[in-house]
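Each chain is listed here by its residues.
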Amino acid sequence: MVAGLAAVEGSVVALDLEERFTAFVTTHRDRARRLAWRLVGGDEAAAEDVTQEAFVKAYRALGRFREDSKLETWFYRILVRQASSHRRWRAVRQRWSGGSGEDVADPAPRVPGDPGLRRRIAAALGRLTGRQREAFILVHLEGFTVRESAQLLGKPTGTVKSHLHRALRTLRAELADLQDLDGGRRQ
Amino acid sequence: MTSPRDERPVLDGAEKEFVDRLARDYAPPPMTAGERAAFDEAVRARLERPERRPLLVPAIGAAAAAAALCFVLFDSTGPIRLPGEEESGAVVASSWEDELFLSSDLSAEDRDESETLPQDYLAIAGVFLGG
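Values in this document were obtained by computation on a predicted structure and should not be read as measured data. (Residues numbered from 1 in each chain as written. Chains lettered and ligands numbered in written order. Predicted model: local features only at pLDDT ≥ 70, side-chain atom pairs only at ≥ 80, totals over all residues.)

Here the focus is the overall build of chain B. Helix and strand counts for chain B come out as 5 helices and 0 strands. For chain B, the α and β elements follow one another from N to C terminus as α-α-α-α-α. (Helix = DSSP H or I, 4+ residues; strand = E, 2+ residues; numbered from the N terminus.)

This is how it looks when you write it as structure tokens:
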């Protein structure tokens, strides 16, 4: 009887976990995939892989987190880490296979817009240091706050601000013509 | 996750336009309903697969042991340290996920690690890529 009750309670807990996980995936799927896409340099297949793997890790860690906000922070930290590992592996593969070593993925041809511009942005982001790139994408492209990004990257907020400043300065220098075009449109 | 009291970087007009342009032009297409369903299905399929990590642990352990043995045999001039381990003798966490969650590296020094493989990946790279 006790065992039966425990089984019922166990199934309720399992059901609760399933529901929580389903809700978690539904809430974060699109944002997580977009973030991963940007972090891995516009490679759709890699972004899917990184995002799915992060969700699997989140599922296995679900029982350790009672508050979804903490799970969320943990999940995005895992996602950023997975994307970083992917980039490192890709760089290693390119080095061993005699590739150019330039860290730019396929320009995602099915995405509407200018593939050449996307490739240039990906290349410019790829030339930033890893931390600068992650900070820039998290804060400026994905809308995380500096404090949230500092939590995700495991760095002090001052360091993240420094990365943001340098990243923005470098990108504006590398993609100066984009600003000229924007200026031309304004006039 | 976002709190209204959280700080955000202050950008001037030109900077904001530049950043907005990058955000607009450097983004994947929105997921369709079919893609969402396929994505959820793929996550489910991964959850049903056994974890790969336990299979890697013996390989990583063997590679690490071999590396340590080589180090002892060919260089006995100093203490054994793993790549990246500091002279202070910092403890290497057994699981990078635990390390990731339980500890925050808040050191002021912020090395760029983008081109550096984690130690376990380095061992695997040696095995599979012949490095």
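Resuming the write-up.
The biggest cluster of nonpolar side chains holds 49 residues, and the ones touching the most others in it are Ala36, Val40, Val50, Ala54, Leu79, Ala135 and Phe136 of chain A. Not counting residues within four places of it along the chain, the set of residues in contact with Ala135 of chain A comprises Ser149, Leu153, Val160, His163, Leu164 and Ala167 of chain A. (Core = buried A, V, L, I, M, F, W, Y, C linked by C-beta atoms within 7 Å. Buried ≥ 20, exposed ≤ 12 C-beta atoms within 10 Å, placed from the backbone. Contact = placed C-beta atoms within 7 Å.)

As a further point, take helix α6 (residues 146-153) of chain A. All names here are of chain A. Counted residue by residue, α6 has 6 buried out of 8 residues, so it is predominantly covered. Along α6, the residues classified as buried are Val146, Glu148, Ser149, Ala150, Leu152 and Leu153. Where α6 ends, the next residue or the one after it, Gly154, has phi of about 70°, a positive value.

All names here are of chain A. At a closest axis distance of 9 Å, the pairing of α6 and helix α7 (residues 157-174) adopts a crossing angle of 105°. Between α6 and α7, the crossing angle belongs to the class labelled roughly perpendicular. On α7, the residues touching Val146, Arg147, Ser149, Ala150 and Leu153 of α6 are Thr157, Val160 and Lys161. Across the contact of α6 with α7, the residue classes tally to 4 nonpolar, 2 polar and 2 charged. (Axes fitted to C-alpha atoms, helices over the stretch in contact; angles between N-to-C directions. Parallel < 35°, antiparallel > 145°, perpendicular 65-115°, else oblique. Nonpolar A, V, L, I, M, F, W, Y, C, P; charged D, E, K, R; others polar.)

All names here are of chain B. Taken residue by residue, chain B gives an average pLDDT of 68. The fraction at 70 or more is 42%. Ranking the elements of chain B by mean pLDDT puts helix α4 (residues 96-102) last with 51 and helix α2 (residues 33-48) first with 93. The low-confidence segment residues 76-80 (pLDDT under 50) makes 3 contacts with residues lying over four places distant or belonging to another chain. We note a pTM of 0.68 for the whole complex and an ipTM of 0.80 for its interfaces. (pLDDT = per-residue confidence, 0-100.)

Residue and element names in this part refer to chain A. Per-residue confidence for chain A gives a mean pLDDT of 83; residues scoring 70 or more make up 79%. For chain A, the element scoring lowest by mean pLDDT is helix α8 (residues 176-186), at 63; helix α5 (residues 130-141) scores highest, at 96. When the criterion is pLDDT under 50, residues 1-9 qualifies, and its contacts beyond four places in sequence or with other chains add up to 0 contacts.

So, about the packing of α5 of chain A against α7 of chain A. All names here are of chain A. Closest axis-to-axis distance for the α5/α7 pair is 8 Å, and the angle between their directions is 90°. Judged by the angle between their axes, α5 and α7 are roughly perpendicular. Along the contact surface, α5 presents Arg131, Gln132, Arg133, Ala135, Phe136 and Val139, while α7 presents Val160, His163, Leu164, Arg166, Ala167 and Leu168. The class makeup of the residues in the contact of α5 with α7 is 7 nonpolar, 2 polar and 3 charged.

Attention now goes to the environment of Phe136 of chain A. Residue and element names in this part refer to chain A. Residue placement: Phe136 occurs in helix α5. Taking the C-beta count within 10 Å as the criterion, Phe136 has 26 such neighbours and is therefore assigned buried. Here the alpha-carbon distance between Phe136 and Val160, two residues 24 residues apart in the chain, equals 8.8 Å. Not counting residues within four places of it along the chain, the set of residues in contact with Phe136 comprises Leu128, Leu164, Ala167 and Leu168.

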